[in-house]
Amino acid sequence: MLASLVLISLSFRSDGSGPLDGAQSAAATALRPFAIGFERVAQPFRDAYGWADSLLTARSEAESLRSEVRDLRQRAIQSEFALRENESLRKLLRYLDGPRFPDNFDPVAAEVIGRPAEAFTQAIVIAAGSNHGVRVNDPVVTGDGLVGLVTRVTSNTARIQLLTDEQAAVSAIDLKTTAAGIVLHARGTRETLVLDRVRKEDVVRVGDEVVTAGWRAGALSSLYPKGIPIGRVASVGQTDTDLFQQVQVDPYVDFGSLDAVLVLVPADRR
């Protein structure tokens, strides 16, 4: 150990031209063939280990993908079967359905040209009106989901009540569990919604998608067609004293940055 410390000290203090440096260089030259030989011997083992590890990983991923494919295939078969059965039952029962989004509508694209200055009002004004086929109570959407409803129309403009307005409401369902309720503005915030009137026995989970219900009762039907995305469930809660669950919904639409919308004009009106 003492000899090693002495050699290390001399090596650090050497200027590169002393006898110690020559000895180091000679030792390195003499040992280099052994180092190269060890590297060449060890390399195949390292390669074999890497190949075996990647093979095991690939097999595990392949098995996982095969399992996922089997699951998706089964779901596709079940969905196709349910679709055929649904079509058959509709024909047998002469089922009267409400308007569906987007099949039964002709969209009118319009630019957002203003926002009313009234306090506590969530609305926009668009550059399309009666001259373009727009009428009061026409639903309004974007590519992300439901925006609101037409409440006032002129020849070339229309006023849209946003879903975040305190007076706005739309019947909706949990797409996965079919739990029904009414989407309303959440008090205290501008961009958050609640799914109100959800019974305690109904199942609603965080992450579930909420869409318009599009109900129909005889000659009456919802102003909103069924199937328009609204948002995703952010939280679910309930207390012993509440009659209904407390379901908070994060909307898909960014209501603060709307620059263009689609007014859904019923196809039979045209």
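To continue, consider the side chain of Asp165. Relative to the helices and strands, Asp165 resides in the loop between strand S5 (158-162) and strand S6 (169-174). Only 3.4 Å separates the side chain of Asp165 from the side chain of Gln161, close enough to count as a polar contact.

Under the definition given, this model contains five salt bridges. Arg197 is the partner of Asp196 in a salt bridge, and the nearest nitrogen-oxygen pair spans 4.0 Å. On the basis of relative accessible area, Arg197 is assigned to the partly exposed category, the value being 49%.

Working definition: the strands of a sheet are paired by backbone hydrogen bonds and lie parallel or antiparallel to each other. Taken in spatial order, the six strands of this closed barrel run S1-S2-S5-S4-S3-S14, and their pairing is antiparallel. Averaged over all neighbouring strand pairs, the angle between strand axes comes to 45°, with direction disregarded. Both strand S2 (residues 123-126) and S5 contribute to a ladder of four bridges, which runs antiparallel. Within S5, the position partnered with Val125 by the bridge is Arg159.

If you trace the six strands once around the closed barrel, you get S6-S7-S8-S13-S12-S9, paired in antiparallel fashion. Each neighbouring strand pair of the sheet contributes to a mean axis angle of 40°, computed without reference to strand direction. With five bridges connecting them, S6 and strand S7 (residues 180-185) associate as antiparallel partners. Residue pairing for S7: Ile173 is matched across the bridge by Ala180.

Our next topic: the pairing of strand S14 (residues 260-266). Remember that side chains alternate between the two faces of the sheet whenever the strand is regular. Among the seven residues that make up S14, five are buried, leaving the element largely enclosed by the rest of the structure. Both strand S3 (residues 139-141) and S14 contribute to a ladder of two bridges, which runs antiparallel. Along S14, the bridge assignment pairs Val140 with Val263.

On to the pairing of strand S4 (residues 146-153). Pairing of S3 with S4 involves three bridges; the strand directions are antiparallel. Directly across from Pro139, in S4, lies its bridge partner Leu149. Hairpin connection between S3 and S4: a loop of four residues separates the two successive antiparallel strands. With five bridges joining them, S4 and S5 adopt antiparallel strand pairing. In the strand pairing of S5, Gly148 is matched with Leu162. Where S4 hands over to S5, the hairpin turn is made up of four residues, counted between the paired strands.

Turning to the nonpolar core, a few remarks are in order. Formed by 40 residues in total, the largest nonpolar core has its most connected members in Ile126, Val183 and Ile230. When residues no more than four places from it in sequence are discounted, the contact partners of Ile126 are Ala110, Glu111, Val112, Ile113, Asn156, Thr157, Ala158, Ile160, Val261 and Val263.

Now for the confidence of the model for the chain. Chain-level statistics for the chain give a pLDDT mean of 82 and a share of 81% at 70 or above. Within the chain, the element-level pLDDT minimum falls on helix H1 (residues 2-13), averaging 71, and the maximum on S5, averaging 96.

On to the side chain of Thr192. Secondary-structure assignment places Thr192 in the loop between S7 and strand S8 (193-196). Note on Thr192: relative accessible area 14%, which makes it buried. In this structure Thr192 touches His185, Ala186, Gln248, Val249 and Pro251, once residues within four positions along its chain are discounted.

What counts as what
Position numbers for residues count from 1 along each chain, tracking the sequence in the order it is written. Residues qualify for local features only when their pLDDT is at least 70, as the model is predicted, and side-chain atom pairs are given and counted only at 80 or more; totals for whole chains, interfaces and linings, by contrast, use all residues. As a convention, hydrogens and water are excluded, and side-chain values are obtained from all of the structure's heavy atoms. A run of H or I in DSSP becomes a helix once it reaches four residues, and a run of E becomes a strand once it reaches two; helices and strands are each numbered from the N terminus. As used in this structure description, the phrase polar contact means that two N or O atoms lie within 3.5 Å; if the pair is within protein, one of them must be able to donate a hydrogen and the other to accept it, and residues adjacent in sequence are counted only when both atoms belong to side chains. In what follows, salt bridge is the name for a side-chain nitrogen of Lys or Arg lying within 4 Å of a carboxyl oxygen of Asp or Glu. Classification of residues uses two cut-offs on accessible area relative to the type maximum, computed with a 1.4 Å probe and protein chains only: under 20% is buried, over 50% is exposed, and between them is partly exposed. A strand pair is defined by DSSP finding two or more bridges across the two strands. Where helices are involved, their axes are fitted lines through C-alpha atoms of the stretch in contact, as for all axes, and angles between N-to-C directions lie from 0 to 180°. For this analysis, a nonpolar core means a set of buried residues of the types Ala, Val, Leu, Ile, Met, Phe, Trp, Tyr and Cys, connected via side-chain atoms within 4.5 Å. The contact rule is simple, with two residues in contact once any of their heavy atoms fall within 4.5 Å. pLDDT expresses, on a scale from 0 to 100, how confident the predictor is about each individual residue.

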